[in-house]
Amino acid sequence: MELLVAATIGLLVAAGLYRLLGGCRVDLIIGLILLSQAANLVILASGGLKSNAAPLVGRGQSLETLADPLPQALVLTAIVIGFGILAFLLTLLIRSSK
Amino acid sequence: MTPQLFIVACLLLPVLGALGTLATRGNPLPVLAGAIGSLAASLALVVATAEGSVFALHVGNWPAPYGVVFVADGFAALMLAVCSLVLVASVIFSIKTLSPRYRRRHLFALLSTLGLGANGAFLTGDLFNLYVWFEVLLLSSFAIMAMVPGGRAHQATWRYVVINLVASLLFLVAAGLIYGKTGTLNFADLHRLFRATPHSFLIESSTALLFGAFAIKAALIPLAFWLPKAYPVLPPALSALFAALLTKIGLYALFRVFGMVLVVNGTFPHREILFWLAIVTMTGGVLGAVAQNDMRRILSFHIISQVGYMALALALFTPLALAGGIFYLVHHIVVKGNLFLVTGLVEQHRGSSRLDEISGIVRTSPLVALLFAVPALSLAGLPPLSGFFAKFSLLMASLSLQDGIAAVAIALVGLLTIYSMLKIWAAAFWGEPFGEYCPTKGVPLATSAALGLITIVLGLASGPVFALAKHAAAGLLDPQAYLEAVLGSGNPDIP
Amino acid sequence: MTSLFLLLVLPLGTALHAALLAPIVRRFPSLTGVFLTFLFVAGAGSLLPQATGGAFVHWSIPWVEALEIDLALRLTPFTAWFGFLVLFLGGCVHLFACTYFAGDIRLPALLTLLGLFTAAMLGVLWSDNFYLLFLFWEGTSLLSFLLVGFHHETDQSRRKASQALLVTMLGGAALLAGMVLLHQQTGTASLSELLGLVDFAPGTAAVILIMVGAMTKSAQWPFHFWLPNAMVGPTPVSAYLHSATMVKAGVFLLATLAPVLARHPAWTPTLVTAGLLTVASSLVRGLGADDLKTLLACTTLAALGFLTALAGLGTPAALLAFVIYLTAHALYKAPLFLAAGNLEKRFGTRRLSELGGVARHLPMTGLVVLLSTLSLIGVFPLPGFLGKEYLLKAAWKASPALAFLLALAAAGVLAIGFRILFALAFPGSRPAEEVPRGMTVATLLPALGALAVVVAIAVDPQLLAPAAVSLGSTGPVELTFWHGWTAPLFLGLGAIALALVLTRLLTVLPAIPDGPIFDRAFDALIGLLRRTASRCARLLSDGKLVTHLVIILACVGVLSLLSLDLHLWSTLPLTWRGDLFIFLGLIPLLIIATLIAARSESTVAILVSLGFVGFLIALIFLWFSAPDLALTQLMAETLILFLLAGALAKAERRDSSAPGRLRLIVAGLGGLLTTALILKAMTLEWDHPVSDFHLRQSKPAAFGANVVNVILVDFRAIDTFGEIIVLAIAAMGANAALGAARKRAPLPSAEYSPLLTTGSRLLLYFLIPAILWIFWRGHNAPGGGFIAALLAAAGIGMSLLASRPRYTPAFMRKMSHRFLVVGLALATLASLMPLAAGRPFLTGLWLHFGGLHLGSPLLFDLGVFFAVLGFSMNYLRHFHQRTP
């Protein structure tokens, strides 16, 4: 399963790079969107993958079985930052097409 | 007032400055006040850390490595102080020279957040938090670039933005991978871990990404493509700040992470590569500068070349070289910022910065000529100005390692730097004045003069300043005080 | 010691005086000249007791201790004597300059530069610390650049001055490196300590570098070409540069170091050869030249060649000869140059062929020319005679063959002297009046000085003995005019005879063409440099962005691949779980969507596939126990797609992609590398004590069950603080890029639809409690400020579509601005509150009401809510306004 996830992320990266090297500005943006999605997944995956173990404490699960919450928090911050940056990139795209 | 409060001041005053500007429809004074305040706070930190003491602020009172820590050591404090200084100068210069267009577009709030990003990056002791401050800094710079009108500026902005975003993604992935491998993000904790484990080589593939990210931001050749087009399109008041801050943050990160956190057994990953990149960067940058015919462009290429020097200091990695590198950073930030400001003065005086369009400034405004000469000679490395001591210590370090390549590069690149400064001087400052010229304004002149004076003082008082740099370098080479401040007795108890 | 310090400051003071009191200097040039000359000559006079008394002075205070740069001065009889020459001639030059430039607006500038230059030269002589010496050394280079280029209006001037600077700076760099090497070898950076070392064999690199440094300064072959070119400077400058300063700094250093460095086998042969070659090349240029200043410059070159050869010999006799030759040359070269200036000023030409016999019409100048030229030729009993005599004597002692060579070379120089003498003093006639008195006096003074030296030596043969001894000379050091019928005397007489023959021949033979090969080589080098440079600049700044991206990615990728360690992969935990089948449904869909997103060109396909990618990733997040991420991803993805749709509709597409195959290779390798990196990270099972702490302490210490949210608003709240600042910057960035809207008209929209209006209002009413609930539960269950804010933004977006007349761009701008400010202010307040309670920055402060916990992290989260809302509204406004 780890192999599968890693390969999928690799594919996302490949797609992102392919798009990034497309040359026009739309390609650059789509490439960056795909790459940042991939980056988020990399962070989550490299911290270890667990299903059915959302880090919500006090629900009877023992702490050892819960998923690592820190990568999730990092990804959340990264998603929001990436979100802000992409929004800004889109304004650049709009300006250049004005 | 404890040093921890000064750390908080360095982080919060820029935020308050930005908020004040936003709340008062773009009035730049709150930003100026915030910048001056954080300059004062950082100077206080320089004094507090001068003897090698390190202060940690455990944010939220969470013990390290569980929360985020801000750490002020000698290196961070020095960088904070010079960057705040250039920020103040740049804000004053911007108020006096830029059109209202920039003010309407939130320039001053963005300058403040740019300063915030820099301050955060200098102070943080956490890898992911460093990423966050990098983004604060970067996005501010993107927004400032985006204000500049004109097709060439747009093109340059794209290039700048895309390459830097790629670097950010590399950084993000590297931070994630390093967490995945080590389970911690805290600098002190990471360093302790690497020192204690035989498997430190396992992170080299991830640090390669980190290295790439920092090297792109520091503008090391062949990763520097974003810089030469971007800086010349900015108005000098802003390029002064960009020149002072952006590449230097990349260098700072290289120094901090590679020169301290990742050091195991007296060396760090990719050091050999860094050495060669530094040599190529020094040479390529100055050659690029020699070919230009515009002051803005010459100065922009010089940045690359100078970055090479500082990277070389890290690659040599002896106490003297590191101290020289830190001194170089301090000197370079002041001098480079000032050179761009002087370019602004020249443009105001003669309406252009192209060498074929201006001539004879020595006649029409000897003061501007003098203001140019001081930082230019300092950059070229002439004693007794600050640049000499920076280059000289690197030369000494490379010769004591019997590293002929580095020594020859230092000397020859210095000579080529003189050559390109000579080109500016002979074309723009000497010669028969032609064309129209208008008198220069007092406040911008005074700003540049103040920075020039600081350059001279940095040179004449290089004894104590170099001693500060030496302490800072010692703190990187032997981070015991750093570890102690972050993880040791200053660490709050687990609740 | 104070007197030494005062003398160093004296020229600095005159420089400052000229700069600050420029109007007075311009108004009273001659008075200034007399005053300055008096100061300089008095200063010079005060050095005479030191020079002839034999006292050594040493003074030192630390400056940059870490680099061992001290402010250390040393005064020996020799340096005092040299300093005397510098100050004395400096006085004459100042007087001359004040008259020569009387009425010229640039006189204060010239005097300032001259004063600084004098101080720098004295610094070179008197520094004890290597690096202090280097400081002054570079100072003389820089100031001579400014002096030589004083007439910078002409292109010629600028070029020659630049050439001089580059050559001397190259030497400066070499010298510095050599000094560092010497320092590291001996452990001392003090000149006097170095000279005191007995058993010390200097390293080859250091010796070569120092020789190169000194040779560029003293214009020795092959660096000699800059000196004749430096004649473009004003006359007083040339006189000063050539007589006592600048070029003399190089030979000074060589002679000072000779006692130690001559131990190296390369020292003597290199310097003697270079000296002889310099003399030879000066003759090639000088014998055929017609310009008086060029001729004089060539004799300077020759004299420097002899001095270099003497320093190269480094024997006691050679060093004694060095002292007297240096003195003689300084005292005849300065008046000759100044006299040339007089002639040029009066007759408007420097061409020898046009100046025939003029000396007879300017009696004083003529007398000076006669005396000085005779000294140059070495006629008894002038100082030049002594110089030549002792030169040949020292050479004879070392090797008779060398003495022959030197005498041969000297004959050429003497021939130049005869040419000047015959042309100026004897034939032809031109009517003239005397030049201004100041210039005449200035010209006369050094010539009188030369006579005074002769008299003094005749009275006391030991006059210069202390100077010679302090330089390293031993044995008999008195100077006498008569040594009997010795070989050197015959050699000298022979040289004079040969010179006379040569002079005769020169009038018959055609002049040797001027061949500045080195000049051309220098220009070619500069040309090569420029071509390389522009190629390099093009490489760095031109070219397509895609190419640059490929280079950057390739560099980083290769570096990462090289350091990838493969042998751990066998331990990869390949789990095979029951839920795999569900997972197998998700992954293939994601792969398909990704491939479409990578390839498709149509806007709709891009949007749909990107939407799917985002949605499926959200599902993956959900699957791997990250519900908060899934929610955030969904909300952020939706908003991005909304914005993207607006932007894509208008974006133009241009094709400038990388070649298809390259694109595929980079993409493929990048993907593989990422996969490998992730797998490697997964194989390493380290403890995760940090997140263990978070899990354990979340409930008891931070009062929240949703650990992710607690990390965001408490454990690592500062990250979130940075994050909302990023959003605020992005909001400002939109205004920066697109400009702030000033329109007050309602936003454009689809046609008015009552159903949509009512519906959106209803939706908003529903949304408000939902938003509050999501916000509140965030601390304990998936939710929180960010998600709630995006939900609110979605509601407002809906209302925009419904075309509510209140929602003008100005209104939206105002609201988004306010929300942003309020959000940031709340977050800042929440971070600062604990400071008032004496706790660290961002510490959570809590109030407990039974099971209800209210704390500053909640306030912080509220700040996040408002900031995100403001950000989203700003973008909705910009994009809505611009999309059709």
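Quick notes on the rules
- Residues numbered from 1 in each chain as written.
- Chains lettered and ligands numbered in written order.
- Predicted model: local features only at pLDDT ≥ 70, side-chain atom pairs only at ≥ 80, totals over all residues.
- Heavy atoms only, no water.
- Disulfide = S-S within 2.5 Å.
- Buried < 20%, exposed > 50% of the residue type's maximum accessible area, 1.4 Å probe, protein only.
- Helix = DSSP H or I, 4+ residues; strand = E, 2+ residues; numbered from the N terminus.
- Contact = heavy atoms within 4.5 Å.
- Buried area = accessible area lost by both parts, 1.4 Å probe.
- Salt bridge = Lys/Arg side-chain N within 4 Å of Asp/Glu carboxyl O.
- Polar contact = N/O pair within 3.5 Å; in protein donor to acceptor, adjacent residues only side chain to side chain.
- Axes fitted to C-alpha atoms, helices over the stretch in contact; angles between N-to-C directions.
- Parallel < 35°, antiparallel > 145°, perpendicular 65-115°, else oblique.
- Nonpolar A, V, L, I, M, F, W, Y, C, P; charged D, E, K, R; others polar.
- Patch = residues over 30% accessible without salt bridge, like charges linked within 9 Å, V, L, I, M, F, W, Y side chains within 5 Å.
- Areas by Shrake-Rupley, 256 points an atom, 1.4 Å probe, with all protein chains shown as cover.
- pLDDT = per-residue confidence, 0-100.

Peer 1: Mind laying out the state of the cysteines, listing which residues take part and the relevant values?
Peer 2: Residue and element names in this part refer to chain C. Considering all chains together, one arrives at 0 disulfides over all chains under this definition. Unpaired in terms of disulfides, Cys92 finds its nearest cysteine sulfur in Cys98, a separation of 12 Å. Classification of Cys98 as buried rests on a relative accessible area of 1%.

Peer 1: Kindly report on the environment of Leu6 of chain C, identifying the contributing residues and their values.
Peer 2: Residues and elements named next belong to chain C. Here Leu6 lies in helix 1 (residues 2–20). On the basis of relative accessibility, which here comes to 58%, the residue Leu6 falls in the exposed class. Distance in space between the C-alpha atoms of Leu6 and Gly43 is 9.0 Å, their sequence separation being 37 residues.

Peer 1: I'd love a proper account of the interface of chain C and chain B, names of residues and values included.
Peer 2: Contact with chain C, which involves 108 residues of that partner, is made by 114 residues of chain B. A combined buried area of about 9600 Å² lies between chain C and chain B, and 78% of that area is made up of carbon and sulfur atoms. Our enumeration of links across chain C and chain B arrives at 2 salt bridges. A salt bridge links Asp126 of chain B to Arg716 of chain C; its shortest N-O distance comes to 2.6 Å. Our enumeration of links across chain C and chain B arrives at 20 residue pairs in polar contact (both at pLDDT 80 or more).

Peer 1: Describe the packing of helix 3 (residues 74–97) of chain B against helix 5 (residues 107–123) of chain B, with residues and values.
Peer 2: Residue and element names in this part refer to chain B. Where helix 3 meets helix 5, the axes come as close as 9 Å, and the angle between the chain directions of the two elements is 175 degrees. When the axis of helix 3 is compared with that of helix 5, the two are roughly antiparallel. The segment helix 3 lies against helix 5, with Ala76, Met79, Leu80, Cys83, Ser84, Leu87, Val91, Ser94 and Ile95 engaging Leu107, Phe108, Leu111, Gly115, Asn119, Phe122 and Leu123. Taken together, the residues of the contact of helix 3 with helix 5 sort by class into 12 nonpolar, 4 polar and no charged.

Peer 1: Which residues make up a nonpolar patch on the surface, and what are the values?
Peer 2: Where nonpolar side chains cluster on the molecular surface, the patch consists of Val604, Val608, Phe612, Phe615, Leu619, Leu622 and Leu634 of chain C and spans about 600 Å² of accessible area. Take Phe615 of chain C: it is sitting in helix 25 (residues 603–623).

Peer 1: Residues and numbers for the confidence of the model for chain C, please.
Peer 2: As a note on interpretation, predicted positions should not be read in detail where pLDDT is low. All names here are of chain C. Chain-level statistics for chain C give a pLDDT mean of 86 and a share of 91% at 70 or above. Across residues 741–747, confidence stays below pLDDT 50; counting only partners more than four residues off in sequence or on other chains, it has 23 contacts. The complex prediction reports pTM at 0.94, with the ipTM value standing at 0.96.

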